[in-house]
2 protein chains.
Amino acid sequence: MRNIKLTIQYDGTGFAGYELQPGKRTVRGEMEKALFKLFKKKIKLISSSRTDSGVHSVGSVVNFKLLNPIPTDNLQMALNSRLPEDVRVIGTRVKGQEFNARFGAKSKTYEYLIYNGPVMPVHLRNIAWHIKQQLDLSAMKKAARHLVGKHDFTSFCAAHGDDKDKVREIHQLVISHSSLVIWGETKVPLIRIRITGNGFLYKMVRNIVGTLVEVGRGTRDEAEVKTILNAKNRCLAGKTAPAHGLCLIKVCYN
Amino acid sequence: MRNIKLTIQYDGTGFAGYELQPGKRTVRGEMEKALFKLFKKKIKLISSSRTDSGVHSVGSVVNFKLLNPIPTDNLQMALNSRLPEDVRVIGTRVKGQEFNARFGAKSKTYEYLIYNGPVMPVHLRNIAWHIKQQLDLSAMKKAARHLVGKHDFTSFCAAHGDDKDKVREIHQLVISHSSLVIWGETKVPLIRIRITGNGFLYKMVRNIVGTLVEVGRGTRDEAEVKTILNAKNRCLAGKTAPAHGLCLIKVCYN
């Protein structure tokens, strides 16, 4: 039995998230459909991340086991030719039996994009959060420092998250000005929030971003973030940032 | 009577092109709907460019005349709040009576993006042409040189183009390797074809790109481009490049 690891990317816009949902178009649904077309049997995918509707990915990892030997060289092309254009397999590997994309993940990196200007560029509308009010990046950076390290993140976990242990470690949280040139010479200014940790609770990244943005708007003091964290109470944190600004960048294993 | 100039951008993906078409969603249709909502009267737009379905723009210019005086300061915001998210007004100006967005245009610049690699990144699928075969950029650059200057571009005009005079002047045609980083550190390599001229015949840019790509693939010699140009025969040029790789960058007036 072979254990196959796939690295995939997807545009979250057209999906009701990663996880299977009856009657809805999901990333896992499209992936399993393509695997079925290829192998003529039902294959169950294990995934590093079950992102919400609208969330993007450029580096999710999934794995599946297969009894019959297959030529993995052509697997990527064979799957891509059976997948819709908004999901792509960007890497394939044969792994040892013990490899598990979900439980083996040691760290994950997400990025959140904010367009902080008056008129939202049309081509970024599905990948960045539009905030017109000028954000105070220096206050946001100070606030972010309180979150780095090992903490109980109950205050930043969605009410219906099903993780019992709410302790996670954030290795890095970097907020920076950045820009993007798609066409011409026009640099589109963006705020980029990059966060790496050993794992994230349900909606934790978006709750952190939402809270940091309130600090950036000046409606919260940077020191409040520490109070919120210590309170272990979801009611205290800021509003959840919208899904479409978020992208899973990479997942690391041992 | 005031003559208002608007600079607009749009994501061509969801439109059947710029020009009005019965029963179809068009850029002009959405713009005129927004103007109607705002001024409660039918307003006719004059445009620098009537791009095809799928073609993008980050700098089209339109104008319209209005009898009643309006506060142009708020016009941009007022229109954007009445427009769908895939069209934005990015500039407004009051111009003299003689200004005409169509006939006053002195030069236009387009860019065409090509993703020249094995797997198309999902987030570029609507803005770049995917070509797997490695293109010979140096041959394409040589071929491009034949096109720069004042020529009869009959060979590069779509059969049903309605321009009688087929002479146009290409001021600049630059082909370059470029890259795009949306998230993470992954640089997505692109080929960028930038073309500026005093005007373009129907589908001329896409026919030029299609022909240059055939040179890049090695199925045509760079010198053939000169022969095609001189022949003034549309049957000789390459296939029209797909619409979604094309973007109007800017339009210049006196």
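Residue numbers restart at each chain and count upward from 1, following the sequence in its written direction. Chain A is the first chain written and ligand 1 is the first ligand written, with later ones labelled in order. The model is predicted, so local features are restricted to residues of pLDDT at least 70 and side-chain atom pairs to those at 80 or more, both for listing and for counting; the totals for chains, interfaces and linings are taken over all residues. To obtain the side-chain values, all non-hydrogen atoms of the structure were used and water was disregarded.

Re helix 3 (residues 137-145) of chain B
Residue and element names in this part refer to chain B.
For step 1, the next point in the chain: Burial here depends on accessible area, computed with a 1.4 Å probe over protein chains only, as a share of the maximum for the residue type. Under 20% is buried, over 50% is exposed, and the range in between is partly exposed. Per the convention used, a helix needs a DSSP run of H or I reaching at least four residues, while a strand needs a run of E reaching at least two, with both numbered from the N terminus. For helix 3, every residue scored as buried is listed here: Leu137, Ala139, Met140, Ala143 and Ala144. Taken end-on, helix 3 shows its buried residues confined to a sector of 155°, consistent with a single buried face.
For step 2, the next point in the chain: Whether two residues touch is decided by their heavy atoms; if any such pair falls within 4.5 Å, the residues are in contact. Packed against the buried residues of helix 3 are strand 8 (167-180), strand 9 (188-197), helix 4 (204-217) and helix 5 (224-231).
For step 3, the next point in the chain: Whenever two N or O atoms come within 3.5 Å, that pair is a polar contact, provided that in protein one can donate a hydrogen and the other can accept it, and provided that, for residues adjacent in sequence, both atoms are side-chain atoms. Sitting at the head of helix 3, Asp136 places a side-chain oxygen 3.1 Å from the backbone nitrogen of Ser138. Read the arc as the range of directions from the helix axis to the C-beta atoms.

Topic: the relation of the copies chain A and chain B
For step 1, the next point in the chain: Alignment of the copies relies on least squares applied to C-alpha atoms, considering only residues that score at least 70 for pLDDT in both. The two copies are related by a screw motion: chain A maps onto chain B through a turn of 180° and a shift of 0.0 Å along the axis, at an RMSD of 0.0 Å. The transformation just described matches what one would write down for a two-fold rotation axis. It is Leu180 of chain A whose C-alpha, among those of chain A, lies nearest the rotation axis, at 3.8 Å.
For step 2, the next point in the chain: A share of 100% of interface residues in chain A that are also interface residues in chain B marks the association as one of identical surfaces.

As for the side chain of Ser57 of chain B
Residues and elements named next belong to chain B.
For step 1, the next point in the chain: Along the chain, the position of Ser57 falls in strand 3 (residues 56-66).
For step 2, the next point in the chain: The class for Ser57 is buried, based on a relative accessible area of 0%.
For step 3, the next point in the chain: Within the local environment of Ser57, its side chain forms a polar contact with the backbone nitrogen of Gly59, the two atoms lying 3.2 Å apart.
For step 4, the next point in the chain: Separated by 2.7 Å, the side chains of Ser57 and Ser60 make a polar contact.
For step 5, the next point in the chain: When near neighbours in sequence (up to four residues on either side) are disregarded, Ser57 contacts Ile8, Gln9, Tyr10, Cys247 and Leu248.

Things to note about unusual backbone geometry
For step 1, the next point in the chain: Positive phi, close to 65°, is recorded for Lys203 of chain A, a residue that is not glycine.
For step 2, the next point in the chain: Residue position: Lys203 of chain A is located in the loop between strand 9 (188-197) and helix 4 (204-217).
For step 3, the next point in the chain: Overall, Lys203 of chain A belongs to the partly exposed group, its relative accessible area being 24%.
For step 4, the next point in the chain: A positive phi is found at Lys232 of chain B, a non-glycine position, where the angle reads about 50°.
For step 5, the next point in the chain: For Lys232 of chain B, the location among the structural elements is in the loop between helix 5 and strand 10 (246-252).
For step 6, the next point in the chain: A residue is classified by how much of its surface remains accessible, and Lys232 of chain B, at 47% relative accessible area, is partly exposed.

Notes on the pairing of strand 5 (residues 107-115) of chain A
Residues and elements named next belong to chain A.
For step 1, the next point in the chain: Among the 9 residues in strand 5, 9 count as buried, and that is most of the element.
For step 2, the next point in the chain: The alternating pattern of strand 5 places Ser107, Thr109, Glu111, Leu113 and Tyr115 and Lys108, Tyr110, Tyr112 and Ile114 on opposite faces, both of which are buried.
For step 3, the next point in the chain: For strand 5 and strand 10 (residues 246-252), the ladder comprises 6 bridges, and the chain directions are antiparallel. For Lys108, the partnering residue across the bridge sits in strand 10 and is Val251.
For step 4, the next point in the chain: Strand pairing is assigned whenever DSSP detects at least two bridges linking the two strands. With 2 bridges connecting them, strand 5 and strand 6 (residues 129-130) associate as parallel partners. Its bridge partner lying in strand 6, Tyr115 is registered against His130.

Some details on the domain arrangement of chain A
Residues and elements named next belong to chain A.
For step 1, the next point in the chain: Each domain's extent was defined by an automatic or database domain assignment. On domain assignment, one finds that chain A holds domain 1 (2-95) and domain 2 (107-252).
For step 2, the next point in the chain: Accessible-area loss on putting two parts together, using a 1.4 Å probe and summing over both, is the definition of buried area adopted here. For the domain 1 and domain 2 pair, buried surface summed over both sides reaches about 1100 Å², with 56% attributable to carbon and sulfur atoms.
For step 3, the next point in the chain: Of all residues in domain 1, the largest losses of buried area upon contact with domain 2 belong to Asp52, Val55 and His56, amounting jointly to 43% of the total for that side.
For step 4, the next point in the chain: Should a side-chain nitrogen of Lys or Arg be within 4 Å of a carboxyl oxygen of Asp or Glu, the pair is scored as a salt bridge. Counting across the interface, domain 1 meets domain 2 through 1 salt bridge.

Concerning the environment of Leu190 of chain A
Residues and elements named next belong to chain A.
For step 1, the next point in the chain: For Leu190, the position within the fold is in strand 9.
For step 2, the next point in the chain: Taking relative accessible area as the criterion, Leu190 reaches 2% and is therefore assigned buried.
For step 3, the next point in the chain: Residues Leu190 and Gln76, spaced 114 residues apart in sequence, show a C-alpha to C-alpha distance of 33 Å.
For step 4, the next point in the chain: Sequence-distant contacts of Leu190, defined by excluding residues within four places in its chain, comprise Leu113, Ile114, Tyr115, Leu124, Ala128, Ser176, His177, Ser178, Ser179 and Leu180.

Considerations on the packing of helix 3 of chain B against helix 4 of chain B
Residue and element names in this part refer to chain B.
For step 1, the next point in the chain: Geometry is summarised by axes, namely lines fitted to C-alpha atoms with helices restricted to the contacting stretch, and by angles between N-to-C directions that run from 0 to 180 degrees. At a closest axis distance of 8 Å, the pairing of helix 3 and helix 4 adopts a crossing angle of 140°. Viewed along their axes, helix 3 and helix 4 adopt a mutual orientation that is oblique. Of the two possible hands of crossing, helix 3 and helix 4 adopt the one that is right-handed. For the pair helix 3 and helix 4, contact is made by Ala139, Met140, Ala143 and Ala144 and by Leu212, Val213, Val215 and Gly216, respectively.
For step 2, the next point in the chain: Residue polarity follows a fixed list, in which Ala, Val, Leu, Ile, Met, Phe, Trp, Tyr, Cys and Pro are nonpolar, Asp, Glu, Lys and Arg are charged, and the others, Gly among them, are polar. For the contact of helix 3 with helix 4, the per-class residue count stands at 7 nonpolar, 1 polar and no charged. Orientation labels follow simple angle bins: below 35 degrees gives roughly parallel, above 145 gives roughly antiparallel, 65 to 115 gives roughly perpendicular, and whatever is left gives oblique. Crossing handedness is read from the near helix: turned anticlockwise from the far helix by less than a right angle, it gives a left-handed crossing, and turned clockwise, a right-handed one.

Some details on the interface of chain A and chain B
For step 1, the next point in the chain: Facing the 33 residues of chain A at the interface are 33 residues of chain B.
For step 2, the next point in the chain: Carbon and sulfur atoms make up 61% of the surface buried where chain A meets chain B, a total of about 2600 Å² over both sides.
For step 3, the next point in the chain: Among the residues of chain A in contact with chain B, Val122, Arg125 and Trp183 of chain A are the three that bury the most area, contributing 25% of the side total.
For step 4, the next point in the chain: Inspection of the chain A/chain B interface yields 4 salt bridges.
For step 5, the next point in the chain: Of the charged contacts in the structure, one is a salt bridge between Asp11 of chain B and Arg125 of chain A, with a shortest N-O distance of 2.9 Å.
For step 6, the next point in the chain: At the surface where chain A touches chain B, the tally comes to 12 residue pairs in polar contact (both at pLDDT 80 or more).
For step 7, the next point in the chain: Of all elements in the fold, only strand 1 (2-10), strand 3 (56-66), helix 2 (75-80), strand 4 (87-95), strand 5, strand 9 and strand 10 of chain A reach the threshold of two or more residues within the side of chain A that touches chain B.
For step 8, the next point in the chain: When residues in the side of chain A that touches chain B are grouped by element, the largest group, 4 residues, is from strand 4 of chain A.
For step 9, the next point in the chain: Grouping the amino acids of the side of chain A that touches chain B by side-chain chemistry returns 17 nonpolar, 6 polar and 10 charged.

Comments concerning the packing of aromatic side chains
For step 1, the next point in the chain: Stacked, tilted and edge-to-face pairs are distinguished by plane angle, under 30 degrees for stacked and over 60 for edge-to-face with tilted covering the rest, among Phe, Tyr and Trp rings (Trp via its six-membered ring) whose centres lie within 6.5 Å. Counted according to the given criterion, the structure contains 12 aromatic pairs over all chains.
For step 2, the next point in the chain: Between the aromatic rings of Tyr10 of chain A and Phe15 of chain A, the centroid separation amounts to 6.4 Å while the plane-to-plane angle is 75°, which identifies the pairing as edge-to-face.
For step 3, the next point in the chain: Classification of Tyr10 of chain A as buried rests on a relative accessible area of 1%.
For step 4, the next point in the chain: Ring centres of Tyr110 of chain B and Phe200 of chain B lie 5.5 Å apart, and the angle between their planes is 85°; this geometry places the pair in the edge-to-face category. Residue Tyr110 of chain B is found in strand 5 (residues 107-115), and its partner Phe200 of chain B is found in the loop between strand 9 and helix 4; the two are separated by 90 residues along the sequence.
For step 5, the next point in the chain: In this structure Tyr110 of chain B comes out as buried when scored by relative accessible area, which is 10%.
For step 6, the next point in the chain: Above the ring of Phe99 of chain A, the side-chain terminus of Lys95 of chain A is found at 5.3 Å from the ring centroid. Ring-over charges, as used throughout, are those where CZ of Arg or NZ of Lys falls within 6 Å of the ring centre and within 35 degrees of the ring normal.

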